[in-house]
Amino acid sequence: RLSTTAAATRAAAAERADDWGEGVGAGTGGAAPGSRSGGFLPDSKPSGPTPTPKRVGPRPVKKRFTGEDALTPAEIRDKAQTGIRLSKALQQLGVASRRASEEIIFAGRVQVNGFKVIQPQHPVILRQDTIQVDGKVIDGGVEMTKQHMYFLINKPKGYLCSNRSERSGGGAANDNGKLVLDLFEEWRETFRRKYPGKLIPRLFTVGRLDVNTTGMLLVTTDGQWCQRVAHPSSEVVKSYIISTGARATKNQILKMASGTDVDGVHVTPKHVESLEGSRDGGPANRVLVDVVDGRNREVRVLAQSAGVDVKKLKRVRVGGLRMPSDLPIGKYINLKPHQVGYVLDKGLMNNEKSMEAKGKMGMY
């Protein structure tokens, strides 16, 4: 009896399905192409990613660094209306440093639009005025590239953060020393090939590292940005790692953290800690020191005052930007716009969690 009832139920269900299929077929003139048998709804189209729309019009123009990133809107307007100092213009054109340019102007060697000018503060607009030095029209520098360049180099030991004019001036510190800027000869050759006969933009080191200190050094053609980053009022934090002869004791760490006198001024580091047991797996005999003042040999003097023997000293961070761990010694990279912004980003500078994430803060 149960099997008979089940068979009857299946027969009734099949009859209803046939009626449904006939109704759909009658209303549509038969089964629609691509539809399932029995008159059910058509198959849905296979799902997939939305195609990327094609770009219409010209490509967007990339942001260029003209030095105006370090200016307020009011300063940008004033610069466009009144121009810049003649001494600064000669610097941007690649003639000489600011101080050397002033000496050239005082010597009466510079003409602006055919008239001799002996005041370094004389305003000029590079796109409008013609500047001559010793009767030759000056053309080149940043005015050719229309943008400033920003580099990060892994400074080797034994190189001076100086330029040729300072080295040629004499002095025991300069005799026959190798220069950091000599490592950019490949970049200069590229400029010469692209702009033959034009003056090469002048490069500046942002602050200095002593001859025996290695690591992160910023180099740029933007003198104004350079001064802003290097000036103590900007409170840009610089991080150094000291490799010591023996593990620093707790008392030595506390002594360094309390500060000492450097060049007659008492300086206190922003942060000092031992890197024993750090997550990077490096040697235990290392000390991390963060400073803001950036005085000459400040970190070495701090270590000496605490009796810490400095075997190696390496800078690993400036502001919110860290040096890439895979950057070889003596090599450099071009900084991207967001990386340039990291340098003066106080949020990144003072973020303790980012400080603890060794090698991650301010990276790509």
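Before reading further, recall that the structure is shown in the block above.
Since the model is a prediction, treat every value here as computed from it, not as a measurement. (Residues numbered from 1 in each chain as written. Predicted model: local features only at pLDDT ≥ 70, side-chain atom pairs only at ≥ 80, totals over all residues. Heavy atoms only, no water.)

### Side note on the overall build of the protein chain
Working step 1: For the protein chain, the helix and strand inventory stands at 13 helices and 19 strands.
Working step 2: A buried classification covers 38% of the 364 residues belonging to the protein chain.
Working step 3: Contacts spanning at least 24 positions in sequence make up 63% of the contacts within the protein chain whose residues lie at least 6 apart.
Working step 4: Approximately 21700 Å² of the protein chain is accessible, and the part contributed by carbon and sulfur atoms is 52%. (Helix = DSSP H or I, 4+ residues; strand = E, 2+ residues; numbered from the N terminus. Buried < 20%, exposed > 50% of the residue type's maximum accessible area, 1.4 Å probe, protein only. Contact = heavy atoms within 4.5 Å. Areas by Shrake-Rupley, 256 points an atom, 1.4 Å probe, with all protein chains shown as cover.)

### A look at the sheet that holds strand β3 (residues 115–116)
Working step 1: Taking strand neighbours across the sheet as the criterion, the 4 strands line up as β3-β2-β5-β6 in an open arrangement whose pairing is antiparallel. Edge positions in the sheet fall to β3 and β6 (136–137), since each has one partner strand and no second.
Working step 2: The pairing of strand β5 (residues 131–133) with β6 spans 2 bridges and is classified as antiparallel. Each bridged residue has a counterpart across the sheet, and for valine 133 the counterpart in β6 is lysine 136. (Pairing = 2+ DSSP bridges.)

### Topic: the side chain of threonine 213
Working step 1: With respect to the secondary-structure elements, threonine 213 resides in the loop between β10 (204–205) and β11 (214–220).
Working step 2: Within the local environment of threonine 213, its side chain forms a polar contact with the side chain of aspartate 210, the two groups lying 2.9 Å apart.
Working step 3: A distance of 3.3 Å separates the side chain of threonine 213 from the side chain of arginine 300, its partner in a polar contact.
Working step 4: Leave out the neighbours within four places in its chain, and threonine 213 touches Lys155, Pro156, Arg300 and Leu313. (Polar contact = N/O pair within 3.5 Å; in protein donor to acceptor, adjacent residues only side chain to side chain.)

### Topic: the pattern of salt bridges
Working step 1: What the rule picks out here adds up to 10 salt bridges.
Working step 2: One salt bridge connects glutamate 102 with arginine 85, and the closest N-O pair in it is separated by 3.8 Å. Of the two residues, glutamate 102 sits in helix α4 (residues 98–106) while arginine 85 sits in strand β1 (residues 84–85), which places them 17 residues apart along the sequence.
Working step 3: If you follow the salt bridges from partner to partner, you end up with Glu185, Arg188, Glu189 and Arg192 in one network. (Salt bridge = Lys/Arg side-chain N within 4 Å of Asp/Glu carboxyl O.)

### Describing the packing of aromatic side chains
Working definition: an aromatic ring pair is given by the centre-to-centre distance plus the angle between the planes.
Working step 1: If you walk through the whole model with that rule in mind, you get 6 aromatic pairs.
Working step 2: Residues tyrosine 150 and tryptophan 225 carry aromatic rings whose centres are separated by 4.9 Å and whose planes lie at 90 degrees to one another, so their mutual orientation is edge-to-face. Highlighted residues: tyrosine 150 in strand β7 (residues 150–155) and tryptophan 225 in helix α8 (residues 223–230), separated in sequence by 75 residues.
Working step 3: Using a relative accessible area of 3% as the deciding quantity, one classes tyrosine 150 as buried. (Phe/Tyr/Trp six-rings, centres within 6.5 Å; stacked < 30°, edge-to-face > 60°.)

### Description of the environment of glycine 177
Working step 1: Its place among the elements puts glycine 177 in the loop between α6 (164–168) and β9 (178–179).
Working step 2: A relative accessible area of 16% means that glycine 177 is categorised as buried.
Working step 3: Each C-alpha atom, one on glycine 177 and one on serine 162, is 9.5 Å from the other, the two residues being 15 residues apart in sequence.

### Overview of the nonpolar core
Working step 1: With 31 residues, the main nonpolar core has Ile242, Met256 and Val289 as its most contacted residues.
Working step 2: Looking at this core, the elements with two or more residues in it are β7, α7 (185–194), β11, β12 (238–244), α9 (250–258), β16 (286–291) and α10 (298–305).
Working step 3: Once residues lying within four places of it in the same chain are set aside, the contact partners of isoleucine 242 are Met256, Asn285, Arg286, Val287, Val289, Val299, Ala303, Val310, Lys312 and Leu313.
Working step 4: Counting 18 residues, the second largest nonpolar core, distinct from the first, contains Phe204, Leu321, Ile333 and Val343. (Core = buried A, V, L, I, M, F, W, Y, C linked by side-chain atoms within 4.5 Å.)

### Things to note about the pairing of β16
Working step 1: Counting buried residues along β16, 6 of its 6 residues qualify, which places the element largely inside the surrounding structure.
Working step 2: Side chains of β16 alternate between two faces, with Arg286, Leu288 and Asp290 and Val287, Val289 and Val291 buried alike.
Working step 3: Here β12 pairs with β16 via 6 bridges, running antiparallel. Among the inter-strand pairings, lysine 238 is bridged to a residue of β16, identified as valine 291.
Working step 4: The sheet contact formed by strand β15 (residues 271–274) and β16 spans 4 bridges and is antiparallel. Following the sheet pairing, glutamate 273 is matched in β16 by leucine 288.

### Considering α9
Working step 1: Where α9 is concerned, the buried positions are Gln252, Ile253 and Met256. Buried residues of α9, seen end-on, are gathered within an arc of 100 degrees and therefore sit on one face of the element. Along α9, the residues that are exposed and aim more than 90 degrees away from the buried face are Lys250, Asn251 and Leu254.
Working step 2: Each element contacted by the buried residues of α9 is listed here: β12, β15, β16 and α10.
Working step 3: Glycine 259 sits one or two residues past α9 and shows a positive phi near 90 degrees. (Arc of directions from axis to C-beta.)

### Examining the side chain of arginine 202
Working step 1: Here arginine 202 is to be found in the loop between α7 and β10.
Working step 2: Here arginine 202 falls in the buried class, since its relative accessible area comes to 19%.
Working step 3: Looking at arginine 202, its side chain comes within polar contact range of the main-chain oxygen of alanine 96, at 3.4 Å.
Working step 4: Other than its neighbours up to four places away in sequence, arginine 202 contacts Gln91, Gly94, Ala96, Ser97, Asn163, Thr220 and Thr221.

Honestly, it's all geometry; don't read function into it.
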